[in-house]
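Each chain is listed here by its residues.
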Amino acid sequence: MDMDGVLVHEEHLVPGADLFLAELREAEIPFIVLTNNSIRTPRDLRARLLRTGLDIPEESIWTSALATATFLANQRPNGSAYVVGESGLTTALHDIGYVLTENDPDYVVLGETRTYSFEAITTAIRLVERGARFIATNPDPTGPSREGSLPATGSVAALISKATGRDPYYVGKPNALMMRSALRAIGAHSANTLMIGDRMDTDIVCGLEAGLQTILVLTGISTRDSVELFPYRPTAVLKSVADLVGRTSDPFDRADTSV
């Protein structure tokens, strides 16, 4: 399942999310929380979630920063990168042995941050122009908050792409790489796994392309009306994960599958 917009809104619990996770544990149904947000490490995210009332272990949290680090470790071991992002991304890259530098790096890696600076973006543009490969943790143009949408990684990536004429390779959702690594982490197979998300353009399409059934919840970005704008559909649409309480063994029982 996705995290922001599904389980939490910024620092606030989505009502019923704690009951839903408790029922999964009681039924011994394995789960993993996916997030395209690369700002925090899994340890930091666990602490953040604990403050909202959700107890999720680090090993059950998989971020786009971890997926990006795993991808780069396989592509170019012990490489170098110029990073525009926060500790979640820099820590993940350090952990795979990457050197973070602005001197002729192998990659420019763009992640989520709430403190984008003109100077850092200018440096990224010039490095890409000089031949650094352009990687972004995820394509989300916006993220949810209680006050409204927030600009996210995809929006800044578009700025760099416009300036350089080069598009990034996005590692996070909807790239199925992230979903496959999550399936491996819980020892699951796509045939009996369900993806729950709040975004049609990342969560739902990622689940579909990985062969999973999908549920869209209406507590985040996508709305019931916006579903009709896409050429694909979720298996079901629910108001929130609270609607799954009492139905984890049969999540499509009484679910709205008409859209």
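Sequence order as written defines the numbering, with residues in each chain counted from 1. Per-residue local features of the predicted model are confined to residues with pLDDT of at least 70, and side-chain atom pairs are confined, for both listing and counting, to 80 or more; whole-chain, interface and lining totals are unaffected and use all residues. Side-chain metrics rest on all non-hydrogen atoms present in the structure, leaving aside hydrogens and water.

Under the annotation held in an unreviewed UniProt entry, the protein carries the name HAD-IIA family hydrolase and is attributed to Rhodococcus tibetensis.

K.L.:
Explain the pattern of salt bridges to me, please; I cannot follow it from the model alone.
P.N.:
Whenever a carboxyl oxygen of Asp or Glu lies within 4 Å of a side-chain nitrogen of Lys or Arg, that contact is scored as a salt bridge. Throughout the structure, instances matching the rule amount to nine salt bridges. A salt bridge links Lys-173 to Asp-2, with the shortest nitrogen-to-oxygen separation between them at 2.7 Å. Pair noted here: Lys-173 is in the loop between strand S11 (169-170) and helix H7 (176-185) and Asp-2 is in the segment before strand S1 (8-9), with a separation of 171 residues, a long-range link. Because the salt bridges share partners, they merge into one network encompassing Asp-4, Glu-11, Arg-40 and Arg-48. By the criteria applied, helices consist of DSSP H or I runs no shorter than four residues and strands consist of E runs no shorter than two, each listed in order from the N terminus.

K.L.:
So what exactly am I meant to see when it comes to the pairing of strand S7 (residues 107-110) here?
P.N.:
Working note: regular strand, side chains alternate between the two faces of the sheet. Here S7 shows no split at all, with Tyr-107 and Val-109 on one side and Val-108 and Leu-110 on the other all buried. A pair of strands counts as paired when DSSP detects no fewer than two bridges linking them. Pairing between strand S5 (residues 80-84) and S7: four bridges, direction parallel. Paired with Tyr-82 across the two strands is Val-108, which belongs to S7. Note on handedness: a crossover is taken as right-handed if, strands pointing away from the viewer, the path from the first strand over the helix to the second is clockwise. Taking the sense of rotation as the criterion, the β-α-β connection linking S7, helix H5 (residues 118-129) and strand S8 (residues 133-136) turns out right-handed. Here the term buried applies to any residue with accessible area under 20% of the maximum for its type, exposed to any over 50%, and partly exposed to those in between, with areas from a 1.4 Å probe on protein chains only.

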